[in-house]
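Analysis of the macromolecular model
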Amino acid sequence: MNKHKLIAEIKQNFMLKRLRAQEQCDEFVESLKQDSAFKEMYNSYTKAQIEFLKSTFEKEDVELKHQVQDLKDKIDKYLADRNIDRIKLNPQYECPICNDTGVVGGRICKCFLSELNKKISLGASSQTEFSAFEKSDENLLNDNDKKAYEVVKTWCSKYPLVTKRNINIIGGAGTGKTFMLECIANEMLNRNYVVIYKTAFELNEMARLYHIGKSYDFADLLTADVLLIDDLGTEPILKNVTVEYLYNLINTRQIHNLPTFISTNLSLENILSRYDERIFSRLGNKNLSLNISLTSPDKRLK
Ligand SMILES: [Zn+2]
């Protein structure tokens, strides 16, 4: 499914979520109004509140303000005496930031993006919670890696004003490549980009399913704002699939100027021998690619 369709679908779901929350709230209030004492209090309260709001357009009416507060206190006491949670008097939206509108201050809310990302990622083992740069413990990093973190942090904060959009993170097992990718994913998600994280293994499987016409999720990888591929080189090489789809993916994203992060413990020479000249020339192009090497021992386990 393409991104626009997904967005329309999520918008629809958000609208339904809001309506449901409002309906539930209305039903709850109606049920309380069965008691005429509550009904009278509640009606006076909403009436006073409206009057007070009107007054604020000119000069705040202090007397009305107190009246509203008194009525609110009475309602609260009424509910507390009956062990009823007063929070239910307002619609209970899932996202307290945007009240399930999906928009906050003219920008798309994080909840909407995370929903979109979830739908796009689809894969069961896809990351949904990512680590943050703040969590990387500087004391455990050697000078090389400290510098590496600075480089990617700067890249994330400057994007899209960056020239290199293919970032290769190279390092042996246990040097924290995945952790660095997670930091990048988190940072870019926070900046409201559609981020997809896949292990090379998952990506290979998506390509295989696409190749035999069983799933079309692979197409989402071509257009995601940011793509992160973890552990390139650990996937099996499938004939007519692995090399072809990887090249297509990297090449298409380069043409559209979309950033791709790849972590691997292969050297560039090994990439050439494992894949082919075309992939090597895409990833090894010094004008388009940035190579970052990690050398510290595992940062999370110590
Ligand atoms: Zn939200």
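These remarks concern the structure in this document. Residue indices follow the written sequence of each chain, beginning from 1 at its first position. Local features are withheld for residues below a pLDDT of 70 in this predicted model, meaning they are given only at 70 or higher, and side-chain atom pairs are given and counted only at 80 or more; totals for whole chains, interfaces and linings count all residues. The basis for the side-chain values is all heavy atoms of the structure; hydrogens and waters are excluded.

A separate point is the packing of aromatic side chains. A pair of Phe, Tyr and Trp rings is counted when the ring centres sit within 6.5 Å of each other, with Trp represented by its six-membered ring. The angle between the planes then sorts it: under 30 degrees is stacked, over 60 is edge-to-face, the rest tilted. Across all of its chains, the model carries 10 aromatic pairs by this definition. Consider the rings of F38 and Y42, whose centres lie 5.5 Å apart with planes at 20°: the pair is stacked. Taken together, the residues span about one helical turn, with F38 and Y42 both in helix α2 (residues 36-56) at a distance of four residues. Summarising the burial analysis for this pair, F38 and Y42 share the class buried. Centroid distance F38 to Y78: 5.2 Å. Interplanar angle 40°. Geometry classified as tilted. Highlighted residues: F38 in helix α2 and Y78 in helix α3 (residues 62-81), separated in sequence by 40 residues. Here the guanidinium or amino end of K17 rests over the ring plane of F14, the centre of that ring lying 4.1 Å away. Working rule: Lys NZ or Arg CZ, within 6 Å of ring centre, within 35 degrees of ring normal, means a charge sits over the ring. In this structure, R82 packs its charged tip against the face of Y78, placed 3.6 Å from the ring centre. The secondary structure listing takes helices from DSSP runs of H or I that are at least 4 residues long and strands from runs of E that are at least 2 residues long, numbered from the N terminus. Summary of the burial criterion: residues with accessible area below 20% of their type's maximum are buried, those above 50% are exposed, and those between are partly exposed, where the area comes from a 1.4 Å probe applied to protein chains only.

Ideal values differ by geometry: the angle at a metal is 109.5 degrees with four tetrahedral donors, but 90 or 180 degrees with six octahedral donors. Each metal site lists N, O and S donors within 2.8 Å (3.2 Å for Na, K and Ca). With water left out of the atoms, a site can look as if it is missing ligands. The zinc ion binds to the protein through C95 (SG), C98 (SG), C109 (SG) and C111 (SG); the donor distances cover 2.3 Å. Working rule for geometry: tetrahedral if four donors all subtend angles between 85 and 135 degrees; square planar for four, octahedral for six, if opposite donors exceed 155 degrees and the others stay between 65 and 115; irregular in every other situation. Its four donor atoms give the zinc ion angles of 102 to 114° at the centre, a pattern that matches the tetrahedral case. Ordering the donors of the zinc ion by residue number gives the pattern C-x2-C-x10-C-x1-C. Of the two residues, C95 sits in the loop between α3 and β1 (103-104) while C111 sits in helix α4 (residues 110-121), which places them 16 residues apart along the sequence.

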